[in-house]
Amino acid sequence: MDQYDAIRQTLLNKRQELSRRLESIKSNITRGQSADSQEQAQELENAEVVDALGNEARIELNLIAKALDQIKNGTYGSCADCGRSIPPARLAAQPFAERCIDCATKVEARGRRPG
Ligand SMILES: [Zn+2]
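Being a predicted model, the structure only gives us computed values, none of them experimental. (Residues numbered from 1 in each chain as written. Predicted model: local features only at pLDDT ≥ 70, side-chain atom pairs only at ≥ 80, totals over all residues. Heavy atoms only, no water.)

A.B. asks: Describe the coordination of the zinc ion, with residues and values.
C.D. replies: For the zinc ion, the full set of protein donor atoms is Cys79 (SG), Cys82 (SG), Cys100 (SG) and Cys103 (SG), and the range of their distances to it is 2.3 Å. Note that the zinc ion binds four donor atoms; their angles at the metal cover 105 to 116°, and the shape is tetrahedral. (Donors = N, O, S within 2.8 Å, 3.2 Å for Na, K, Ca; no water. Tetrahedral: all angles 85-135°; square planar, octahedral: opposite > 155°, others 65-115°.)

Written out as structure tokens, the structure reads:
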């Protein structure tokens, strides 16, 4: 635990920021209902946007949890495909990178087939 300390700290900060954001999103959703039907429609629309934001935050929180787990288990920073170490510069830029640049390029070249 050492070479990834900086990344771990970044992830922890990010997690805190996202949790706070989720909290404020939630309090926005639950804030009072208005009697005016036009306002209600507007509120519904807002709720949808807010929900999408919330989902994004949740997805990112999952990635952070996974990365933190991997750091703890010592599996962080290994390419999911070829098992080689992912260069620290790549991880610094993309803390959730699961593949080395070679494999990531190959995956992208294969296109976005399901699975
Ligand atoms: Zn690889």
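Still to come is the rest of the account.
A.B. asks: Describe the environment of Ile71, with residues and values.
C.D. replies: Among the structural elements, Ile71 can be located in helix α2 (residues 37-73). Spatially, the C-alpha atoms of Ile71 and Asp5 are 9.0 Å apart, while their sequence positions differ by 66 residues. (Helix = DSSP H or I, 4+ residues; strand = E, 2+ residues; numbered from the N terminus.)

A.B. asks: Would you mind going over the pattern of salt bridges in detail, with residue names and values included?
C.D. replies: Summed over the entire model, instances satisfying the criterion amount to six salt bridges. Put simply, Glu17 and Arg21 hold a salt bridge, and the shortest N to O gap is 3.5 Å. Note that Glu17 and Arg21 are positioned in helix α1 (residues 5-30) at a spacing of four residues, about one turn of the helix. Exposure remark for Glu17: the relative accessible area of 38% places this residue in the partly exposed category. (Salt bridge = Lys/Arg side-chain N within 4 Å of Asp/Glu carboxyl O. Buried < 20%, exposed > 50% of the residue type's maximum accessible area, 1.4 Å probe, protein only.)

A.B. asks: Summarise α2; cite the residues concerned and give the values.
C.D. replies: The end-to-end C-alpha distance of α2 is 53 Å, a good match for the 54 Å that 37 residues give at a rise of 1.5 Å each. Turning to α2, its buried residues are Val50, Gly54, Ala57, Leu61, Ile64, Ala67, Leu68 and Ile71. At the C-terminal side of α2, Gly74 shows a positive phi close to 80°. (Expected span 1.5 Å × (residues − 1).)

A.B. asks: For the packing of aromatic side chains, give the residues involved together with the corresponding values.
C.D. replies: Tallied over the full model, the rule gives one aromatic pair. With a centroid separation of 5.0 Å and 90° between ring planes, the pair formed by Tyr4 and Tyr76 is classed as edge-to-face. Residue Tyr4 is located in the segment before α1, and its partner Tyr76 is located in the loop between α2 and α3 (88-93); the two are separated by 72 residues in the primary sequence. Assessed through its relative accessible area of 15%, Tyr4 is described here as buried. Residue Tyr76 is classed as buried on the basis of its relative accessible area, which comes to 4%. (Phe/Tyr/Trp six-rings, centres within 6.5 Å; stacked < 30°, edge-to-face > 60°.)

A.B. asks: Got a sec to walk through empty space enclosed by the protein? Specific residues and values, please.
C.D. replies: Per the counting criterion, the structure on display carries one cavity of 30 Å³ or more. The calculated volume of the largest cavity comes to roughly 70 Å³. Taken together, Leu63, Lys66, Ala67, Gln70, Tyr76, Pro95, Phe96, Ala97 and Glu98 make up the full set of residues lining the largest cavity. (1 Å grid on protein atoms, 1.4 Å probe; cavity = no way out; pocket = protein on both sides within 12 Å on 5 of 7 lines; lining within 4 Å. Points joined across faces, edges and corners; volume = space filled by probe spheres on them.)

A.B. asks: Break down the nonpolar core for me, with residues and values.
C.D. replies: If you look at the biggest cluster of nonpolar residues, it comprises 18 residues, and the most contacted ones within it are Tyr4, Ile7, Leu11, Ile71, Tyr76 and Leu91. Residue assignment for this core shows that the elements contributing at least two residues are α1 and α2. Ranked by the residues each element gives to this core, the list is headed by α2, at six residues. With sequence-adjacent residues up to four places away left out, Tyr76 is seen in contact with Tyr4, Ile7, Ala67, Gln70, Ile71, Leu91 and Pro95. (Core = buried A, V, L, I, M, F, W, Y, C linked by side-chain atoms within 4.5 Å. Contact = heavy atoms within 4.5 Å.)

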